[in-house]
Amino acid sequence: MDRILVLDFGGQYNQLIARRVRAEHVYAEIRPYSGLTAETIRKSGYRGIIFTGGPNSVYEPSSPHVDPSVLGLGIPVLGICYGHQLIAYTAGGTVGPAEGGSEYGRTVLYSEGGALFDGVPGESIVWMSHTDTVTELPAGFRSAARTDKCVCAAMEDEERKLYGVQFHPEVTHTEYGRQILRNFIFGVCGCSPDWKMDDFISASVERYRKELSGKKVLLALSGGVDSSVTAVLLHKAVGNALSCVFVDHGLLRKNEGDMVERHLGEKLGLNITRVRAEDRFLARLKGVTQPEQKRKIIGEEFIRVFEDEADRLGSPEILAQGTIYPDVIESGRGDSAVIKSHHTVGGLPDTMTFEKVVEPLRELFKDEVREVGEKLGIPRELVWRQPFPGPGLAVRIIGEVTKEKLDMLREADAVFREETDAAGAGPDQYFAVLTDTRSVGVMGDDRTYGYTLALRAVSTDDFMTAEWTRLPYGVLEKASSRITNEVKGITRVVYDITSKPPATVEWE
């Protein structure tokens, strides 16, 4: 199986590069830039290497660098943004602040041919995000593209098969980004499209069948897509050695706990223990307002509940979780910035009674997880259920979490989802957020003073970037009218029109 190495230099959305490579049915393996020698890379048999973006300037002493001999291995290399500058700097070129000024967002690119631009028009739109630029090309390189501000928006050394692009071909905003990556993967590296989800499933089942042989496994089941797919995958590997503990922490959406039991217990035949722990979680969250503190408290309490259940179930040695790539990325990895910690990643307590944690989906994106779920035979209504955060409604309530607020948000969220579904509006994720802002209203002849509810709907293909959805005014009007009339305590409804970035999908 052909493989592409993606060297991570700390950019927040670097795993999108790997996802785009995998979309072409070529396996991409992400490794941190540090501690990886040229000899190790050579022996690993990669067909190509991609240097990712990152937040640093290559000329700063503290910036991340790579073993210079990597460029001389004879393995094709593509640098993106910081990676582009790093190739130039390492090969003897010059990098400095862009004289024409920084470039951010959609930019017109003028390409001048070459291996990367086969099938790409001479003028196209790309996505830029940089303040530095290559000011002097290394020996053997030529400029392959420019913009109005950047004289070297792409470069190549065909003889050594070294390429760089200042823009981001991995994001959907770059018109021909997919074609540019294909040109590198297939045209330059000569890869074959031989990696499929069937291979991932069979390899994972075989791996865990061997690795977990004779062990009892306790799965942290939330009922969402990720943990459900993890459960079915591990059940194929270890069978009845798997016990699924569904912690109903009281932070779920309306009627969700019953739905989880019905789908996973009755339809899929998994061994599920439902632990009703609302009072326990609310007690721990009393007076807590900071989102990161909420996440860590919930993550730790999850584990404590599992430990209690583990004693009752015969002390399983292994804890399984449905962690996926976006969770890892946003919680920070290597030199990457922490956007928000996920209860399955950054929220785990230091002391645990389990021997180890297994996360079979840790390297997959949401759409890949759904594909695995369908191939495993999980009901479509569960596989395509919209994402829901592990900490639940606790991170959709701004400020302190209380029983009153939870009940209020549950009802309002249900109304919004009902009206959106009825209209067939089609966003990928849509939900309500109870803000901590209160405002004056009027109902009948009485003055009211209630909470402001925010509605959020986004469209995306990977949840690494997302556009706010233009829901029809009629849907928003009906949802707002129903919420303010049917849900006591909410007097105002607003709609969030912020994309990701700069925002995240969730508010906390």
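First, a word on what this report is: a plain description of the structure on this page. (Residues numbered from 1 in each chain as written. Predicted model: local features only at pLDDT ≥ 70, side-chain atom pairs only at ≥ 80, totals over all residues. Heavy atoms only, no water.)

### Re the overall build of the protein
The secondary structure content of the protein amounts to 14 helices and 20 strands. Relative to the compact-globule value of 23 Å for 508 residues, the protein shows a C-alpha radius of gyration of 25 Å, a close match. Along the three orthogonal principal directions, the C-alpha set of the protein runs to about 75 × 65 × 40 Å. Buried residues in the protein amount to 57% of all 508 residues. Put simply, 74% of the contacts in the protein that link residues at least 6 apart link residues at least 24 apart. For the protein, the exposed surface amounts to about 20800 Å²; the carbon and sulfur share of it is 47%. Seen as two clouds, the 60 positive and the 74 negative side-chain charges of the protein have centres 4 Å apart. (Helix = DSSP H or I, 4+ residues; strand = E, 2+ residues; numbered from the N terminus. Rg over C-alpha atoms; globule rule 2.2 N^0.38 Å. Buried < 20%, exposed > 50% of the residue type's maximum accessible area, 1.4 Å probe, protein only. Contact = heavy atoms within 4.5 Å. Areas by Shrake-Rupley, 256 points an atom, 1.4 Å probe, with all protein chains shown as cover. Lys, Arg positive; Asp, Glu negative; His and termini not counted. Charge placed at Lys NZ, Arg CZ, Asp CG, Glu CD.)

### Re the packing of aromatic side chains
Under the defined criterion, the tally for this structure stands at eight aromatic pairs. Relative to Tyr 33, the ring of Phe 9 lies with its centre 5.3 Å away and its plane at 15°, an arrangement referred to as stacked. Residue Phe 9 is found in the loop between strand E1 (3-8) and helix H1 (15-23), and its partner Tyr 33 is found in the loop between strand E2 (27-32) and helix H2 (38-44); the two are separated by 24 residues along the sequence. A residue is classified by how much of its surface remains accessible, and Phe 9, at 0% relative accessible area, is buried. Each ring, one from Phe 281 and one from Phe 302, has its centre 5.7 Å from the other, and the planes form 70°; the classification is edge-to-face. (Phe/Tyr/Trp six-rings, centres within 6.5 Å; stacked < 30°, edge-to-face > 60°.)

### Examining the sheet that holds E2
Read from one edge to the other, the open sheet built from nine strands follows the order E2-E1-E3-E4-E11-E10-E9-E6-E7, with strand pairing classed as mixed. On the outer flanks of this sheet lie E2 and strand E7 (123-130), each paired with one strand and no other. Across the sheet, the mean angle from the axis of one strand to that of its neighbour is 25°, orientation sign disregarded. Pairing analysis gives three bridges linking strand E3 (residues 48-51) to strand E4 (residues 77-80), with the strands arranged parallel. Bridge pairing in E4 links Phe 51 to Gly 79. Against the sheet, helix H3 (residues 82-90) touches E3, E4, E7, strand E10 (154-157) and strand E11 (162-165), its axis set at about 120° to E4. Across the sheet, helix H4 (residues 177-188) lies against E3, E4 and E11, angled at about 170° from E4, the strand it touches most. (Pairing = 2+ DSSP bridges. Axes fitted to C-alpha atoms, helices over the stretch in contact; angles between N-to-C directions.)

### Things to note about the sheet that holds strand E12 (residues 217-221)
In space, the five strands of this open sheet follow the order E14-E13-E12-E15-E16, with parallel pairing throughout. With partners counted over all chains shown, the strands left at the sheet margins are strand E14 (272-276) and strand E16 (356-358), one partner each. If you compare each strand with its neighbour and ignore which way they point, the axes differ by 30° on average. On the sheet, helix H7 (residues 256-267) packs against E12, strand E13 (242-248) and E14 and is oriented at approximately 170° with respect to E14.

### Quick notes on the packing of helix H6 (residues 225-238) against helix H11 (residues 366-375)
The geometry of H6 relative to H11 is characterised by a closest axis approach of 10 Å and an angle of 40° between their N-to-C directions. Our classification of the angle between H6 and H11 gives oblique. In the packing of H6 onto H11, the handedness of the crossing is left-handed. Here Val 225, Asp 226 and Val 229 of H6 come into contact with H11, specifically with Lys 366, Val 369, Arg 370, Val 372 and Gly 373. (Parallel < 35°, antiparallel > 145°, perpendicular 65-115°, else oblique. Left-handed = near helix turned anticlockwise from the far one by under 90°.)

### Focus: the side chain of Glu 301
Mapping Glu 301 onto the fold places it in helix H9 (residues 291-312). At a separation of 2.4 Å, a polar atom in the side chain of Glu 301 contacts the side chain of Arg 280. Among residues more than four places away in sequence, those in contact with Glu 301 are Arg 280, Phe 281 and Arg 284. (Polar contact = N/O pair within 3.5 Å; in protein donor to acceptor, adjacent residues only side chain to side chain.)

### Some thoughts on the pattern of salt bridges
In a structure, side chains of opposite charge can pair up when their charged atoms sit close to one another. By the definition in use, this model includes 45 salt bridges. Across the pair Arg 385 and Glu 256 runs a salt bridge, and its minimum N-O distance is 1.9 Å. Residue Arg 385 is located in the loop between helix H12 (380-383) and helix H13 (403-423), and its partner Glu 256 is located in helix H7; the two are separated by 129 residues in the primary sequence. An identical accessibility class is assigned to Arg 385 and Glu 256; each is buried. Among the ionic pairs, Glu 261 bridges to Arg 274, the shortest N-O distance being 2.9 Å. With a gap of 13 residues between them, Glu 261 in helix H7 and Arg 274 in strand E14 connect regions that are remote in the sequence. By relative accessible area, which is 32% here, Glu 261 ends up partly exposed. (Salt bridge = Lys/Arg side-chain N within 4 Å of Asp/Glu carboxyl O.)

### Some remarks on the pairing of strand E6 (residues 103-111)
Taken residue by residue, a regular strand's side chains alternate between the two faces of the sheet. Here eight bridges tie E6 to E7, and the two strands are oriented antiparallel to one another. The residue bridging Thr 107 from the neighbouring strand is Val 126, located in E7. Alignment of E6 against strand E9 (residues 142-146), held across two bridges, turns out to be antiparallel. Residue pairing across strands places Tyr 110 opposite Arg 146, the latter belonging to E9.

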